[in-house]
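In case you want the letters, here they are:
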Amino acid sequence: MRWNKYTLTTTTEAEDMISSMMMDVGIEGIEIEDRVPLSEQDRSRMFVDIFPEGPEDDGVARISFYLEPEQDNGAILAAVQNGLDEIRGWGVDVGSGMIEASQTEDKDWINNWKEYFHQFSVDDILIKPSWEDVKPEDQGKLLIQIDPGTAFGTGMHETTQLCIRQIRKYVTDQTVLLDVGTGSGILSIVALKLGAVRAVGTDLDPCAISASKENMEVNGIAEEQFTVIEGNLIDDRKIQELVGYGTCDMVVANILAEVLVPLTPAAAAHLKKGGIYITSGIIDNKEETVVEAVKRAGLTVLEVTRQGEWVSVTARKDQE
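Residues numbered from 1 in each chain as written. Predicted model: local features only at pLDDT ≥ 70, side-chain atom pairs only at ≥ 80, totals over all residues. Heavy atoms only, no water.

## Section: the pairing of strand E11 (residues 248-254)
Working step 1: Across the 7 residues of E11, 6 count as buried, placing the element largely inside the fold.
Working step 2: Bridge analysis of strand E8 (residues 176-180) against E11 gives 4 bridges, and the strand direction is parallel. Paired with Leu178 across the bridge in E11 is Val251.
Working step 3: Pairing of E11 with strand E12 (residues 271-283) involves 6 bridges; the strand directions are parallel. Bridge pairing in E12 links Ala253 to Thr279. (Buried < 20%, exposed > 50% of the residue type's maximum accessible area, 1.4 Å probe, protein only. Helix = DSSP H or I, 4+ residues; strand = E, 2+ residues; numbered from the N terminus. Pairing = 2+ DSSP bridges.)

Next comes the structure, spelled out in structure tokens:
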């Protein structure tokens, strides 16, 4: 389906008032482009460790909205223009106020990522999307099928691969795993396929719950083997009690360093004596920050592994 796209050039000063006005005239969704730097609050909500340097704020904002051809585009554009005139009358600088028209194709944004995700191997573990067939040369590898959808985790990122290799090294046929920030469930599924007894995954994102369950099914993982819980292990007592204190042989967390610091003591409480703690998501200049957090939690660092600019720290909860 083709949509009519309209882009209004205005100022960052006026963008909030214009956005509100557009909703008042019946425009259901807008897209804003500007060069306003992210606030500290915005940054704290984003799961990104490195923020690119953007261009300097030039005070210009571009607000786009989309209308179906069948809609009365003329009436809506007239209402927007009247709204602009009213805001300008309040003494607000709305910039040029020029509206450019174009057309765009409707896109399936939820599924477009599929064209970029293809099967690959982490040593002798083959990770592939469900819509691809196993290549002849990969027959005999341990097969993991992952369709992450809107949840994080295809296994292609260096941090996930670091975790997979450490899980393989330390997992046994007695392992009970806690996977914090489970995303697509890939790390739990790898552990279970390698022989772990049971896994519990926690995640803040409700999309991770549905993605994990779908990936469990396609990998033949029974419901009693893998439980996924929505919530924050760091400060939610109910989640902590559901997981159980001192019940896990292994905890894995592929999360940013800033999250690993408060998470580590909470995760350690769920480890059995002798249990293994595997972390990644750590950019190389944050390595010492995580190592120190691990030591403060009373864990012994066993090894630090690296891939590219990313780091994994593996530790043990020693017997007392």
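## Notes on the nonpolar core
Working step 1: Membership of the largest hydrophobic core comes to 29 residues, with the highest contact counts inside it found for Ile127, Ile164, Ile167 and Phe226.
Working step 2: Sorting the residues of this core by element identifies strand E5 (120-122), strand E6 (125-128), helix H4 (158-170), helix H5 (186-193), helix H6 (206-218), strand E10 (226-230), E11 and E12 as the ones contributing at least two each.
Working step 3: Examining the composition of this core, we find that 6 residues originate from one element, H5, more than from any other.
Working step 4: Non-local contacts of Phe226, meaning those with residues more than four positions away in its chain, are made with Thr182, Gly185, Ser188, Ile189, Leu192, Ala199, Val200, Gly201, Ser212, Met216 and Ile221. (Core = buried A, V, L, I, M, F, W, Y, C linked by side-chain atoms within 4.5 Å. Contact = heavy atoms within 4.5 Å.)

## Side note on the pairing of strand E14 (residues 310-316)
Working step 1: Counting buried residues along E14, 6 of its 7 residues qualify, which places the element largely inside the surrounding structure.
Working step 2: Relative to E14, E12 runs antiparallel, the two sharing 6 bridges. Bridge pairing in E14 links Ile282 to Val311.
Working step 3: In terms of strand pairing, strand E13 (residues 300-307) meets E14 through 7 bridges, oriented antiparallel. Of the residues in E14, the one forming a bridge with Gln307 is Trp310.
Working step 4: Counted between consecutive antiparallel strands, the loop separating E13 from E14 contains 2 residues, among which Gly308 sits at a positive phi close to 65 degrees.

## Things to note about unusual backbone geometry
Most peptide bonds are trans, and most residues other than glycine sit at a negative phi.
Working step 1: Unlike most non-glycine residues, Asp123 shows phi in positive territory, near 60 degrees.
Working step 2: When you line up the elements, Asp123 lands in the loop between E5 and E6.

## Structural notes on the pattern of salt bridges
It is possible for side chains of opposite charge to pair when their charged atoms get near one another.
Working step 1: Going through the model one piece at a time under the given rule, you end up with 11 salt bridges.
Working step 2: Ionic pairing is found between Glu100 and Arg62, a salt bridge with its closest N-O pair at 3.5 Å. Linking Glu100 in strand E4 (residues 99-105) with Arg62 in strand E3 (residues 60-67), this pair joins segments that are 38 residues apart in sequence.
Working step 3: Residue Glu100 is classed as partly exposed on the basis of its relative accessible area, which comes to 37%.
Working step 4: Between Glu287 and Arg306 there is a salt bridge, and its shortest N-O distance comes to 2.9 Å. Here Glu287, found in helix H9 (residues 287-296), pairs with Arg306, found in strand E13; they are 19 residues apart in sequence, far enough to count as distant. (Salt bridge = Lys/Arg side-chain N within 4 Å of Asp/Glu carboxyl O.)

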